[in-house]
Amino acid sequence: MPPAVKTEVKIGRMILRNPVTVASGTFGYASEFAGFLDLRELGAVTTKTITLKPRRGNLPPRTCETPAGMLNSVGLENPGIDVFLRDKLPYIAGYKVPVIVSIASESDNREFIELAKRLDACFDAAAIELNISCPNVRHKKLGTGAYLIAQDARATYRLVKAVRAATKKTIITKLSPNVTDIVSIAAAAEEAGSDALSMINTIAGMSIDVGSRRPRIGAVLGGLSGPAIRPVAVRMVWETSKRVRIPIIGMGGISDTSGALEFIMAGASAVGVGTGNFLQPSLSAGIARGIKEYMREHSIGNIKMLREGLKYAC
Amino acid sequence: MPPAVKTEVKIGRMILRNPVTVASGTFGYASEFAGFLDLRELGAVTTKTITLKPRRGNLPPRTCETPAGMLNSVGLENPGIDVFLRDKLPYIAGYKVPVIVSIASESDNREFIELAKRLDACFDAAAIELNISCPNVRHKKLGTGAYLIAQDARATYRLVKAVRAATKKTIITKLSPNVTDIVSIAAAAEEAGSDALSMINTIAGMSIDVGSRRPRIGAVLGGLSGPAIRPVAVRMVWETSKRVRIPIIGMGGISDTSGALEFIMAGASAVGVGTGNFLQPSLSAGIARGIKEYMREHSIGNIKMLREGLKYAC
Amino acid sequence: MKAFEKRVKILSNHSLKKNYFLLSFKDRDIAGAAVPGQFLMVKTARGLYPLLRRPLSIHSCSGGKDGRIGILYEVKGPGSELLSFCRPKDCLEVVGPLGNGFPLPGHGRDVVLVAGGMGAAPLFFLAERLTADNKKRRIHVLIGACGKEHLCRVKEFSAAGCSVLVSTDDGSRGRQGYVSGLLESFLDKPGNVSVTPLIYACGPRPMLQAVAFVAAKYGVPGYCSLEAHMACGIGACMGCVIPVRDQGGREEYKRVCNDGPVFGLQEPDWGKM
Amino acid sequence: MKAFEKRVKILSNHSLKKNYFLLSFKDRDIAGAAVPGQFLMVKTARGLYPLLRRPLSIHSCSGGKDGRIGILYEVKGPGSELLSFCRPKDCLEVVGPLGNGFPLPGHGRDVVLVAGGMGAAPLFFLAERLTADNKKRRIHVLIGACGKEHLCRVKEFSAAGCSVLVSTDDGSRGRQGYVSGLLESFLDKPGNVSVTPLIYACGPRPMLQAVAFVAAKYGVPGYCSLEAHMACGIGACMGCVIPVRDQGGREEYKRVCNDGPVFGLQEPDWGKM
Ligand SMILES: Cc1cc2nc3c(=O)[nH]c(=O)nc-3n(C[C@H](O)[C@H](O)[C@H](O)COP(=O)(O)OP(=O)(O)OC[C@H]3O[C@@H](n4cnc5c(N)ncnc54)[C@H](O)[C@@H]3O)c2cc1C
Ligand SMILES: Cc1cc2nc3c(=O)[nH]c(=O)nc-3n(C[C@H](O)[C@H](O)[C@H](O)COP(=O)(O)OP(=O)(O)OC[C@H]3O[C@@H](n4cnc5c(N)ncnc54)[C@H](O)[C@@H]3O)c2cc1C
Ligand SMILES: Cc1cc2nc3c(=O)[nH]c(=O)nc-3n(C[C@H](O)[C@H](O)[C@H](O)COP(=O)(O)O)c2cc1C
Ligand SMILES: Cc1cc2nc3c(=O)[nH]c(=O)nc-3n(C[C@H](O)[C@H](O)[C@H](O)COP(=O)(O)O)c2cc1C
Ligand code: FES
Ligand code: FES
């Protein structure tokens, strides 16, 4: 019999049976993947970002491929919280896997607060992820050059604080890599009461079809994801994990077990599979199993030891 | 006879016969490549960054591969300005191609100024590139989280202003992508008198060998370059070119002619081939020819029309 | 509709002409579930370049124990090029069958299949099924291409019992001009088809738009199979949308991968694409 | 030293045993310029994954009109795996010959070649040259591997006129233990070699360090060929450095690609690697 390994992790008040979840917006509302994997093999399911009202999303084309990555500018197309609560959430929760509901606002903080209140009352939502970092929905300028809440420590602090007051649910703040110093934003979220961090969202990017001399994305700019950005994401998790105490869900370019392990060794408590779901629909479950195998092979009894185990004196 | 195409571009007081140069640090001191291409086919040659004193550089391993990219942490190993002026510069200048000399400081602005003065007196240097964005040499903190001059608009302004006073040579300021708002840094450099911008330097990244549980780079963090980062670089050039009037040398992941054309269509006046030189030593010259071919095929008489020609109403 | 994530073994993969290739593999599950108009997401690279799977229509399909699937593809870029290097016995990772498929015509109703270039790919599977169901009808196939060397599957459609007409942009074979023009002249001739046939079209967007225009002019209903850039192929990423008009004329986005790839000919908002 | 950027045609590429492959191609320029110890930077992918070329030693080389180059390689990761899929007549992009090569021994001086695993790759080219120069000397080859199924080129070295000794970590063939131990016992037996032979070693770093230690103990000079991660392979990126001590004992970095890959056995600062 193979030695037992403990893969349970705690994110806020939520217990994940293993450290693998999916990245918001890359797993639909889970039903799209139910035929390819057993959802109960995941530590948690994270939903596509939901807004108060339905959103049509951005002009197509919305995706294009780049070297070892892709750009997307979906623009948060979603059916709105009402339809979500009625049609989507009960389905996922039926699998008895914790559900992380990602939310965003089209305008000011009040929409976030209202969404949080709605979810607070909802048994099926285990945690709320604040998507303050979607590069495809530009807000009015917040400060010098910042157009996302997650690009401004003060704005981040204010928002998280306000949502914290509105809900007892686990709050996960999703950070943007499009910043000079992600640690300062992470610290602001922590101070305001966020239970955990999710990082990273996509990096703003652009690609041009030189044949037609047009941008490949209808909205011109898009968010870069996929293996191409993994080194950036791992670095940001590494820098942040040394400076905050709340757990981190690491993501960005995970396409196999070793990619996921990089994040955990860099200090993440859990990982989110994003673009990788497109490459192989069953990938997230495969990685959950792969991590266990790695732990067995390397005689690592508890996932925590992996997180603290980077052999580097610093 | 194929129709004539005009590929000449002006960067400061420097005239490039075509818009293709190389990215600092990826072309050595040109002699390494002389056997693989005719240096006179390039618009300009950019040298490895030079410091006042010789530098040993960082602990190996210094490079590793990532998906469609690589990390490096060379740490500006170079023989110092004296050896450079004596042994390296005359060799390159012998090819009658404009030489852009990249410089950096290990400490404060005075070293930049001294280097600029030395080069000002030097006929063989056509332009000075200020490398204020090397992620592998960390300075003391400049402000909130910034550790590079190029992460701080005020520090950038002060440095460029000081160097401007010290030399009449063309000044190119090399920007870092590790910022919230590259446009504000670009604007600061322009205001301080920089003749041109070079963008982007590498994105800070990290990679872990999960087998040995060690960072793949001796200095732990490295700079990400290669095709993986091209969408980020093109986006930054696009954003910046709409807001500054000085010319931009675009770089980041150019591995073929169409990659180079993306930058020009996004608003760059010239391009720098970096990691691509490692993939194919003759690449830069091939791209210089490739751009001409593209212009002929698409009946574009002047490279300027290509720059202004992105078919997108905004 | 059940889809599978599979690693299958390639049976054959060879060039038909120019850059056109035919690949086949055996998989009982996929072949058993597939209906005409559906597609597969195929991993073309061994590594991470190109990163995304490529959507490819099911070109032919024999169900039952045999379970054989054929794919007709053109080498266009890195993904299809890598595919063309595959050899028999190599493994191929496929996900499918995906998408909605063509609604089948009612008993005995004539159909007109209109193919532009690689548009022949999904229509051949449709022809296979329609000839197999033995419900007396005529299957007309109009195939267009830029030149004769780009025409594919003309003989195969004939052999399957369809009556085939051809057009080429350069006039090197068949009628000169676009296939939408061929359709127009075809519909124009009374007696060619039963009172109201059903059109099934596949090809480049401008061609489909022209077909939709001609069909509307002659009051002939039908379907088209569309393409869009796909990241996931299974309805999760919201990337592959096109603007459509619903019954009430309200505009909305629909996913080509999941709500399509088959749409009513007048459903897409052609002007906005 | 002239190097070339070339697209060559593969003559052969087959598995020797397990994951070990032998590839050959014809190129007069490269073969004409190459000296033992040099290497090539080989593009293994058609696309951008893996991105960088892979450094591979020149394993055999026949100059002249024929100009044939052989590469011995082990499949370890994505690059070497893609290489193993190449077939005769496929094109391969190579840059080379690169690096400094082994300094050749003086007239009649005996040599001991010490190979660990794939370390046999560059040493075979050296043996070829040394047997060809017809200057009476004995060429001893000590080959080590973890087990007998990992031993490569034993017969070929013998056939070339070398006297070969073997060790395996698991004792499945030859002496049991590391090849550095074999070297020690070899040097220990008087009469095995001329007064002071010259050692040429290639293999994993710990093995080379052990060889350097044994060589120092017996006062035998020699060279080793080192590996480091290489981005450019031509001395431009400063990525592949190792710490060495110069004559005066001062430490500095040297580039494995350009200052090496061959270094004096006592040159690297083994303690710091
Ligand atoms: C539902 C559907 C069915 C298709 N069926 C067939 C078929 O049976 N035979 C056939 O030859 N082609 C078919 N195509 C088109 C085929 O997917 C593209 O030709 C292929 O993806 C090209 O990939 P590449 O890497 O060779 O070329 P690239 O250089 O990557 O692209 C060439 C063209 O294909 C498009 N393309 C690239 N990647 C995708 C993607 N992930 N999704 C959609 N389009 C993409 C590009 O936008 C470009 O226009 C189908 C497309 C769709 C959406
Ligand atoms: C001068 C020199 C000569 C060599 N000669 C041979 C030879 O004749 N036969 C042989 O089998 N191997 C040789 N090697 C080693 C060979 O380069 C690696 O095994 C190969 O790069 C592995 O690539 P991969 O993609 O298959 O595996 P990966 O999974 O990428 O790497 C496997 C191992 O190879 C190393 N490696 C990967 N890329 C590089 C690179 N660009 N430069 C250096 N090391 C790298 C990795 O660090 C890792 O340890 C030589 C290396 C050097 C530096
Ligand atoms: C098509 C697509 C849609 C996405 N939608 C969302 C979203 O709705 N909300 C969100 O927080 N992040 C969204 N993301 C970002 C991912 O959750 C993730 O942070 C990012 O893609 C990096 O991970 P990856 O490289 O593994 O994809 C989306 C990413 C993609 C590719
Ligand atoms: C090995 C290596 C060394 C580099 N050294 C320097 C340097 O000395 N000075 C500098 O300004 N940029 C340096 N760079 C950054 C490049 O000039 C360039 O800005 C960056 O690599 C992005 O371009 P690329 O993706 O085409 O390589 C270096 C990059 C690499 C890969
Ligand atoms: S391709 Fe992802 S929703 Fe259609
Ligand atoms: S590999 Fe670039 S200097 Fe050696």
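Just above sits the structure.
Residues numbered from 1 in each chain as written. Chains lettered and ligands numbered in written order. Predicted model: local features only at pLDDT ≥ 70, side-chain atom pairs only at ≥ 80, totals over all residues. Heavy atoms only, no water.

1. Observations concerning the packing of helix H3 (residues 153–166) of chain B against helix H4 (residues 182–191) of chain B
Residue and element names in this part refer to chain B. Where H3 meets H4, the closest approach of the two axes is 8 Å, and the angle between their N-to-C directions is 20°. Taken together, the axes of H3 and H4 lie roughly parallel to each other. The crossing of H3 and H4 is right-handed. Every residue of H4 that contacts H3 at Ala153, Thr156, Tyr157 and Val160 is listed here: Ser184, Ile185, Ala188, Ala189 and Glu191. Per-class residue counts for the contact of H3 with H4 are six nonpolar, two polar and one charged. (Axes fitted to C-alpha atoms, helices over the stretch in contact; angles between N-to-C directions. Helix = DSSP H or I, 4+ residues; strand = E, 2+ residues; numbered from the N terminus. Parallel < 35°, antiparallel > 145°, perpendicular 65-115°, else oblique. Left-handed = near helix turned anticlockwise from the far one by under 90°. Contact = heavy atoms within 4.5 Å. Nonpolar A, V, L, I, M, F, W, Y, C, P; charged D, E, K, R; others polar.)

2. Quick look at the site of ligand 2
All names here are of chain D. Inspection of the region around ligand 2 gives 20 residues, with Pro55, Leu72, Gly79, Ser80 and Met230 positioned closest. Contact distances for ligand 2 include 2.9 Å between an oxygen atom and a backbone N or O atom of Gly77. For ligand 2, the accessible surface in isolation is 860 Å², of which the surrounding protein chains cover 80%. The class makeup of the residues in the shell around ligand 2 is ten nonpolar, five polar and five charged. (Near = heavy atom within 4 Å. Polar contact = N/O pair within 3.5 Å; in protein donor to acceptor, adjacent residues only side chain to side chain. Areas by Shrake-Rupley, 256 points an atom, 1.4 Å probe, with all protein chains shown as cover.)

3. Overview of unusual backbone geometry
In this model, C:Gly96 is joined to C:Pro97 through a cis peptide bond whose omega is 0°. Relative to the elements of secondary structure, C:Pro97 occurs in strand E7 (residues 91–98). D:Gly260 connects to D:Pro261 through a cis peptide bond whose omega is 10°. Tracing the sequence through the fold places D:Pro261 in the loop between strand E15 (251–255) and strand E16 (262–264). Even without a glycine there, the phi angle at A:Val220 is positive, about 70°. Of the residues examined, A:Val220 reaches a relative accessible area of 3% and is grouped as buried. (Buried < 20%, exposed > 50% of the residue type's maximum accessible area, 1.4 Å probe, protein only.)

4. Observations regarding the interface of chain B and chain D
Interface size is commonly expressed as the accessible area that is lost once the parts come together. Contacts between the two partners involve 31 residues from chain B and, on the opposite side, 25 residues from chain D. Approximately 2500 Å² of surface area, both sides summed, lies buried where chain B meets chain D, with 60% of it carried by carbon and sulfur atoms. Counting the contacts that link chain B with chain D gives two salt bridges. Close ionic contact of D:Glu251 with B:Arg56 constitutes a salt bridge, the shortest N to O distance being 3.2 Å. Listing elements by their share of the side of chain B that touches chain D, those giving two or more residues are strand E5 (63–66), strand E6 (69–72) and helix H7 (276–279) of chain B. In terms of residue class, the side of chain B that touches chain D is built from 14 nonpolar, twelve polar and five charged. (Buried area = accessible area lost by both parts, 1.4 Å probe. Salt bridge = Lys/Arg side-chain N within 4 Å of Asp/Glu carboxyl O.)

5. Remarks on the relation of the copies chain B and chain A
For the pair chain B and chain A, the relating rotation is 180°, the translation along its axis is 0.0 Å, and the fit reaches an RMSD of 0.0 Å. Expressed as an axis order, the relation between the two copies is that of a two-fold axis. When you check the interface residues of chain B against chain A, 100% turn up at the interface there too, and the contact is symmetric in its surfaces. (Least-squares fit on C-alpha atoms with pLDDT ≥ 70 in both.)

6. Structural notes on the site of ligand 3
Taken together, 22 residues lie near ligand 3, and A:Ser24, A:Thr49, A:Lys174, A:Gly253 and A:Thr275 sit nearest. Of the chains in the model, those with residues near ligand 3 are chains A and C. Between ligand 3 and A:Gly226, the relevant distance is 2.8 Å, taken from an oxygen atom to a main-chain nitrogen or oxygen of the residue. One of the side-chain N or O atoms of A:Thr275 is found 2.6 Å from an oxygen atom in ligand 3. When ligand 3 is considered free in solution it has 600 Å² of accessible area, and contact with the protein chains removes 98% of it. Across the shell around ligand 3, the residue classes break down as six nonpolar, 14 polar and two charged.

7. Structural notes on the sheet that holds strand E14 (residues 221–225) of chain A
Residue and element names in this part refer to chain A. On the basis of which strands lie adjacent, the open sheet formed by four strands has the order E5-E6-E14-E11 and antiparallel pairing. This sheet does not close on itself; its edge strands, each paired only once, are strand E5 (63–66) and strand E11 (203–206). Averaged over all neighbouring strand pairs, the angle between strand axes comes to 40°, with direction disregarded. Here three bridges tie strand E6 (residues 69–72) to E14, and the two strands are oriented antiparallel to one another. Paired with Asn72 across the two strands is Gly223, which belongs to E14. (Pairing = 2+ DSSP bridges.)

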